[in-house]
Amino acid sequence: MIDLRDIVIPTDPAEALAAVVALRRLADGVEREAVRAALRQGWSWSRIAQALGITKQAAHKRLSDVATDGSR
């Protein structure tokens, strides 16, 4: 796994902002896949929310469509 502390932040604002967008998209995809896997394994929304460090309501609001895409 890559140590995120080793990532060099671009000094050019356009490159840095593009990197932020790319990282957010990557993080969102990883999060959705992890939630999908957790639901398949029978995790509750409370447990998922706790793992993400957010409330159950916030997790369900942001990610409930994962549960309706055939994963559960």
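Residues numbered from 1 in each chain as written. Predicted model: local features only at pLDDT ≥ 70, side-chain atom pairs only at ≥ 80, totals over all residues. Heavy atoms only, no water.

## Considerations on the nonpolar core
Soluble globular proteins tend to bury their nonpolar side chains together.
Point 1. The biggest cluster of nonpolar side chains holds 10 residues, and these are Val35, Ala38, Leu39, Trp45, Ile48, Ala49, Ala59, Leu63, Val66 and Ala67.
Point 2. Counting only elements with at least two residues in this core, the list comes to helix H1 (13-40), helix H2 (45-52) and helix H3 (56-71).
Point 3. Looking at this core, the element that brings in the most residues is H3, giving 4 residues.
Point 4. Beyond its immediate chain neighbours, meaning those up to four positions away, Trp45 contacts Val35, Leu39, Lys56, Ala59, His60, Leu63, Ser64 and Ala67. (Core = buried A, V, L, I, M, F, W, Y, C linked by side-chain atoms within 4.5 Å. Buried < 20%, exposed > 50% of the residue type's maximum accessible area, 1.4 Å probe, protein only. Helix = DSSP H or I, 4+ residues; strand = E, 2+ residues; numbered from the N terminus. Contact = heavy atoms within 4.5 Å.)

## A look at H1
Point 1. For H1, built from 28 residues, the straight-helix expectation of 40 Å at 1.5 Å per residue is met to within 8% by its first-to-last C-alpha distance of 40 Å.
Point 2. Three or more residues of H1 are buried, namely Ala16, Glu31, Val35, Arg36, Ala38 and Leu39.
Point 3. Directly beyond the C-terminal end of H1, a positive phi value near 90° is found at Gly42. (Expected span 1.5 Å × (residues − 1).)

## Considering the environment of Ile48
Point 1. Along the chain, Ile48 falls in helix H2.
Point 2. Those residues in contact with Ile48 that lie beyond four places of it in its chain are Val35, Ala38, Leu39 and Trp43.

## As for the pattern of salt bridges
Point 1. Inspection of the entire model under this criterion finds 4 salt bridges.
Point 2. Asp65 is the partner of Arg32 in a salt bridge, and the nearest nitrogen-oxygen pair spans 2.6 Å. Placement of the pair is Arg32 in helix H1 and Asp65 in helix H3, with a sequence separation of 33 residues. (Salt bridge = Lys/Arg side-chain N within 4 Å of Asp/Glu carboxyl O.)

Shape descriptors only; they carry no functional weight alone.
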